[in-house]
Amino acid sequence: MFSKFKGLLSGPKVPTAPGTTRVAPDPAPAPDPAPAPAPDPAPAPDPAPAPAPAPAPASAPAEEAKAADQGNEAKPQESTPVPAPAPGPTPAPAPGTTAAPTNPNQAGPDEPEQPPPPPPPIVINRYSDDQLRSIIKQMRERQALYKEKVVDQYASSPEITPPVTPLLRKDNYAIVIEERKRQAEEDRIKKEEADKKKKEEQEKKKKENEQKKKEEEEKKKVEREEEKKLEKLDMKTKMTETAWRTVDTMLKPFEDSMDSVVGITIDPFTDRHYIAWLSLVTLAFNYNTWFVTARLCFPYHTATAIPFWFAMDLLADLVYLMDSILFQSRKQFVKGGDIIKNREMTKKNYRDSERFKIDMLCLVPFDLLYLQFGFKSIFRANRLLKADTFFEFSDRLESLMAKAYIWRVIRTIGYLLFMLHLNACFYYVASEYQGIGKTKWVYSGLGSAYLSCFFYAEKSLLMIAELPFPDTMFGQIFQMTNYLFGAFFMSIILGQMRDVIGAATTGQTYFRASMDNTVDYMVNNNIPLTVQNRVRTWYTYTWDAQGMLDESELLDKMPLVMRTAIAVDINLATFQKIELFKGCDQQMLVDMLLRLKSIVYLPGDFVVKKGDIGKEMYIIKGGAVQVVGGPDNSIVFVTLKAGCVFGEISLLQSSKDGGNRRTANVKAYGFANLFVLEKKDLFDILVHYPESQKVLARKGRKLMKAKGPTVAKADEEKKKGLALFGPKPATPKLLRAVGGNFNRNFINRMKAAASGQ
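Residues numbered from 1 in each chain as written. Predicted model: local features only at pLDDT ≥ 70, side-chain atom pairs only at ≥ 80, totals over all residues. Heavy atoms only, no water.

**Q** How would you summarise the overall build of the protein if you had to cite specific residues and measurements?
**A** Of the regular secondary structure elements, the protein holds 23 helices and 8 strands. Taking all 757 residues of the protein together, 27% fall into the buried category. In the protein, 71% of the contacts between residues at least 6 apart in sequence involve partners at least 24 apart. Of the roughly 52,800 Å² that the protein leaves accessible, carbon and sulfur atoms contribute 61%. (Helix = DSSP H or I, 4+ residues; strand = E, 2+ residues; numbered from the N terminus. Buried < 20%, exposed > 50% of the residue type's maximum accessible area, 1.4 Å probe, protein only. Contact = heavy atoms within 4.5 Å. Areas by Shrake-Rupley, 256 points an atom, 1.4 Å probe, with all protein chains shown as cover.)

Set out below in structure tokens:
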């Protein structure tokens, strides 16, 4: 077989003659066999020409393999004659005679077209030969590829590297098999779970789709119903708009005539005319609240009083109507952060609000039932629904009053009186039910019925006097209920009064607590009595002057815009008068105003002293200060009053030339309230205003030049004093080089010893 494989590699051979046999060579020849003499070969016919040569790269190995094959086959075939070869294909031309064409299937230009080569002979069998030849072809192609990779290292093989099969022991192989089975079982379980989950999701999705369809059907059904409702509402809305358009057309001349008085629209928070009108509406509401209940319980509907009550009722109803037509429909409102001032929009906003419905319900004329049932005040009970106007008036009045607690106290007393009024009405109704004057507990019928019942209600609710014991069960139940209600009501009133008074005195309480804590601190630390008295005086004056101890606590709670507005109104005019700040950016002045701090000085307090380092500038807000000098500061050079400024030059000078030193003594003349601007705050502001910084620097240099002669004179006097002693001689160089460290250490030890003593 091996020899056949070699023969296949070497190319086609001449087949043996028919009838001869060919013995296969020994697979393992003995080592170093003696070569046997080859017998004379049998005569054979003329050999056929050799087949076409194999490709050049494999020609030499094929010949060697053929020679080896012939040598191995020589031994067993010594007595067998070589058969005559079969007729072979036409020999190919010599390679040196004619150049081969580029395409082997295409003849050269000078040669005739040759027939196709015959199929290769069968060595083993057709299938094996084809497989072996394909393997040989692939190996040659791979050899050519490897040669190419030697030349080009980046060339890659088109074939995929086959996987390496590991060699395992028997035990390991069993473990691997078990692991594969387990993995296959897990994969099967996971697949089943995935299929189950997928099935559940499909069912769930199916249910969701069904539910979605139902919801869509229901939604369509609801939409159809809403469309029907909208059609009805559209009809109703059109009718309503038509009715309001008619009303507006009728009222337009009257509304236009009132524009000059009331205004096109009204700001409900700041318009004083609107607040005055609310007071009138509140008066009408209180009339209905107090007199409707009184007329309902007490016998005040007499023949002479009915015309008066009828006229007052008409007047109160007219006030209600005017409020709805002229004022409530003009109130501005906020929508999306914008203040709406359009008349049509304010009117529509009012008509769409709940307040409009309540106002219309208040104006329903149930009074027409007088014609059927007589003149009874119960038909005016709907007028009591106007309570929103009373609370709105209360809020607006509190926002305008400087001392809002006064109105709160009045309102609380009004609540108390109204509860006593209702109790008096209930007591008269109970007395009438029991029989007026029949027992000691009921109203006797003497004197004014309202005053007598009100007096009883006051004693009953406030529990300030003894009351007659009721004779009947009804009276006892009424009185027990009255006592319980009185206790509950008094607790509410007292709690509210406590809150009102506490809110009114919050500032005073804070002042007293701060002052008491400070006094306790001074007493515990044995502060001299003179200093304690000055501290008490400062607390008292500061509180009386500005109503608080620190204005910054109040201003810090405000937005920056409001703080800026207040600061500009108070101090901008003063800042603009300062010579140093003329020509500077106005916004820089505004920023400086926000950095001002208020300080109160007592009479005789020194604001600045001569020689001190200047770090602040002062603006006199109230009071006066004096520039003093002399041996005992008894000479007054000038008196500065409110609006004056001092200490501004030191803000712009540095400590190098001594320009930041105070040049005079300034003390408070009486109580002085000053604004202070620190140098650090000024420099923080000037960073953002370079042009203003240049202006201030230029003006500061001019002011220092104006002050220059005084400074030069002071320096000259200083030099005159030093001239008496002369300049200090320099230390010799040799002494500095040799004994400098020793002398320095010695002097340091002497200083340390002196400081220790």
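**Q** Please provide a residue-by-residue account of the pairing of strand 5 (residues 616-629), values included.
**A** It is a general feature of regular strands that their side chains alternate between the two faces of the sheet. The buried fraction of strand 5 is high, at 11 of 14 residues. Pairing geometry for strand 5 and strand 7 (residues 645-646), over 2 bridges, is antiparallel. Considered in strand 7, the bridge of Y618 is made with F646. Sheet analysis places strand 5 next to strand 6 (residues 635-640), joined by 5 bridges and oriented antiparallel. Residue pairing for strand 6: Q626 is matched across the bridge by T639. (Pairing = 2+ DSSP bridges.)

**Q** Just give me the short version of the pattern of salt bridges, but keep the residues and values in it.
**A** This model, assessed by the stated rule, comprises 31 salt bridges. When the shortest N-O distance is used, the salt bridge between D313 and R380 registers 3.5 Å. Residue D313 is found in helix 7 (residues 306-327), and its partner R380 is found in the loop between helix 10 (370-373) and helix 11 (387-400); the two are separated by 67 residues along the sequence. On the basis of relative accessible area, D313 is assigned to the buried category, the value being 3%. (Salt bridge = Lys/Arg side-chain N within 4 Å of Asp/Glu carboxyl O.)

**Q** Residues and numbers for the nonpolar core, please.
**A** F327 and F393 are the most contacted members of the largest nonpolar core, which has 27 residues in total. Of all elements in the fold, only helix 6 (272-297), helix 7 and helix 11 reach the threshold of two or more residues within this core. Here this core gets 8 residues from one element, more than from any other, and that element is helix 6. If we ignore the near neighbours within four places in the chain, the residues touching F393 are I275, L278, S279, T282 and W407. Within the second largest apolar cluster, 25 residues are counted, among which are Y427, A430, A457 and L461. (Core = buried A, V, L, I, M, F, W, Y, C linked by side-chain atoms within 4.5 Å.)

**Q** With reference to specific residues and values, describe the packing of helix 19 (residues 586-594) against helix 20 (residues 679-686).
**A** Between two packed helices, the angle of one axis relative to the other and the distance separating the axes together describe the packing. In contact at an axis separation of 10 Å, helix 19 and helix 20 are set at 145° when each is read in the N-to-C sense. Considering only the axes of helix 19 and helix 20, their crossing is right-handed. Contacts between helix 19 and helix 20 involve M588, D591 and M592 from the first element and L682, I685 and L686 from the second. In terms of residue class, the contact of helix 19 with helix 20 is made up of 5 nonpolar, no polar and 1 charged. (Axes fitted to C-alpha atoms, helices over the stretch in contact; angles between N-to-C directions. Left-handed = near helix turned anticlockwise from the far one by under 90°. Nonpolar A, V, L, I, M, F, W, Y, C, P; charged D, E, K, R; others polar.)

**Q** Kindly report on the environment of M401, identifying the contributing residues and their values.
**A** In this fold, M401 is placed in the loop between helix 11 and helix 12 (404-434). If we skip the residues at most four places from it in the chain, M401 touches I406 and W407.

**Q** Account for helix 19, with residues named and values stated.
**A** By the burial criterion, the buried members of helix 19 are M588, L589, V590, M592 and L593. Between a side-chain oxygen at the N-terminus of helix 19 and the backbone nitrogen of Q587 the separation is 3.0 Å; the capping residue is D585. (Polar contact = N/O pair within 3.5 Å; in protein donor to acceptor, adjacent residues only side chain to side chain.)

**Q** How would you sum up the side chain of Q328? Please name residues and give values.
**A** Note that Q328 resides in the loop between helix 7 and strand 1 (333-335). Of the residues examined, Q328 reaches a relative accessible area of 3% and is grouped as buried. A polar contact of 3.4 Å, which involves the side chain of Q328, links it to the side chain of Y274. Residues in contact with Q328, not counting those within four places in the same chain, are Y274, D323, Y350, R355 and D359.

**Q** Kindly report on the packing of aromatic side chains, identifying the contributing residues and their values.
**A** This structure, assessed with the given rule, holds 28 aromatic pairs. Aromatic side chains W277 and F327 sit 4.4 Å apart centroid to centroid with 10° between the ring planes, which places their arrangement in the stacked category. In this pair, W277 sits in helix 6 while F327 sits in helix 7, placing the two residues 50 residues apart along the sequence. Their ring planes at 85° and their centres at 5.2 Å tell us that W538 and Y539 sit as a pair that is edge-to-face. A connected cluster of aromatic rings, assembled from ring pairs, spans F298, Y300, Y428, Y443, Y450 and F454. Sitting over the face of the ring of Y320, K386 holds its NZ or CZ atom 5.5 Å from the ring centroid. A cation over a ring is seen here: K609 above F606, with NZ or CZ 5.3 Å from the ring centre. (Phe/Tyr/Trp six-rings, centres within 6.5 Å; stacked < 30°, edge-to-face > 60°. Lys NZ or Arg CZ within 6 Å of the ring centre and 35° of its normal.)

**Q** With reference to specific residues and values, describe unusual backbone geometry.
**A** Backbone geometry at N526 places phi at a positive 55°, although glycine is not the residue there. Judged by its relative accessible area of 66%, N526 is exposed.

**Q** Give a description of a nonpolar patch on the surface that names residues and reports values.
**A** A cluster of nonpolar side chains, contributed by L315, L318 and L321, occupies part of the molecular surface with about 270 Å² of accessible area. Looking at where L321 falls in the secondary structure, it is placed in helix 7. (Patch = residues over 30% accessible without salt bridge, like charges linked within 9 Å, V, L, I, M, F, W, Y side chains within 5 Å.)

**Q** Let's hear about the confidence of the model for the protein: which residues, and what values?
**A** Per-residue confidence for the protein gives a mean pLDDT of 76, with 74% of residues at or over 70. Note that residues 11-110 has pLDDT below 50 and, in this model, 55 contacts with residues that lie over four places away or in other chains. (pLDDT = per-residue confidence, 0-100.)

**Q** Can you tell me about the packing of helix 15 (residues 506-524) against helix 16 (residues 529-546), naming the residues and giving the values?
**A** Where helix 15 contacts helix 16, the two axes come as close as 10 Å, and the packing angle between them is 170°. Between helix 15 and helix 16, the angle falls in the class roughly antiparallel. On the side of helix 15, the interface is formed by G507, Q508, F511, S514, M515, T518, V519, M522 and V523, while helix 16 contributes Q532, V535, R536, Y539, T540 and W543. Of the residues that constitute the contact of helix 15 with helix 16, the class distribution is 8 nonpolar, 6 polar and 1 charged. (Parallel < 35°, antiparallel > 145°, perpendicular 65-115°, else oblique.)

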